[in-house]
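Residue-level listing of the chains:
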Amino acid sequence: MSSSYCNLIYHMVFSTKGRKTWIDPAIEARLHEYLGGAIRGEGGVSFRVGGMEDHVHILAKLRQTKSVCDVLRDIKANSSGWVHKTFPGYEDFAWQQGYGAFTVSASHIESVSRYIDNQREHHKHMTFQEEFIGLLEKHGIEYDERYLWD
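Residues numbered from 1 in each chain as written. Predicted model: local features only at pLDDT ≥ 70, side-chain atom pairs only at ≥ 80, totals over all residues. Heavy atoms only, no water.

### Description of the sheet that holds strand β3 (residues 55–62)
Condition: Only strands that DSSP links by at least two bridges are regarded as paired with each other. We count a stretch as a helix when DSSP gives it H or I for four or more residues in a row; a strand needs E for two or more, and each element gets its number in order from the N terminus. Every axis in this analysis is a line fitted to C-alpha atoms, fitted for helices over the stretch in contact. Angles between the N-to-C directions lie between 0 and 180 degrees. We call two residues in contact when some of their heavy atoms are within 4.5 Å.
Reading across from one edge, β2-β3-β1-β4 is the order of the 4 strands in this open sheet, with antiparallel pairing throughout. Only two strands of the sheet have a single partner each, and these edge strands are β2 (45–52) and β4 (100–103). For this sheet, the mean angle separating the axes of adjacent strands, direction not counted, is 15°. When strand β1 (residues 8–15) meets β4, the two strands line up antiparallel, connected through 4 bridges. Bridge pairing in β4 links Y10 to T103. Helix α3 (residues 109–117) rests against β1, β2 and β3 of the sheet, and its axis sits at about 160° to β3.

Given below as structure tokens:
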């Protein structure tokens, strides 16, 4: 076969450093828009960006020539720099070091999009930490809780 065909769709999740509630209404919409644009800048397709005051969820298709860790490193670094420059009083804004990235079948784009859209309702009953551990367990990822949070 002379060509390669990939459909690499990821549900990516990461929090603010220390889960500080930085993503308030003053910056939320613009930050989510920036993150979607950053995915597009990496050659990807942003399906959905959402989250809460202390974390974000991104549903996106990435290029096969870009690793997930490189894309997330770059969009986290660039977006935190953008927040520092764009919003007075947010000079200490930072993302956590790690992230979660879970593959998504094309047939589940709509359901994961709804999940991201319903974060406010979802988090009336669950913390970010509980949600993240649930995602790890749902995807069969082993973890040591001592190393989950920074």
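### Considerations on the pairing of β3
What counts here: A 1.4 Å probe rolled over the protein chains alone gives each residue an accessible area, and that area as a share of the maximum for its type sets the label: buried under 20%, exposed over 50%, partly exposed in between.
With 7 of 8 residues buried, β3 lies mostly within the body of the structure. Here 8 bridges tie β1 to β3, and the two strands are oriented antiparallel to one another. From the neighbouring strand, I9 faces β3, where its bridge partner is K61. Where β2 lies against β3, 7 bridges are found, and the strand directions are antiparallel. Note that in β3 the partner of S46 across the bridge is A60.

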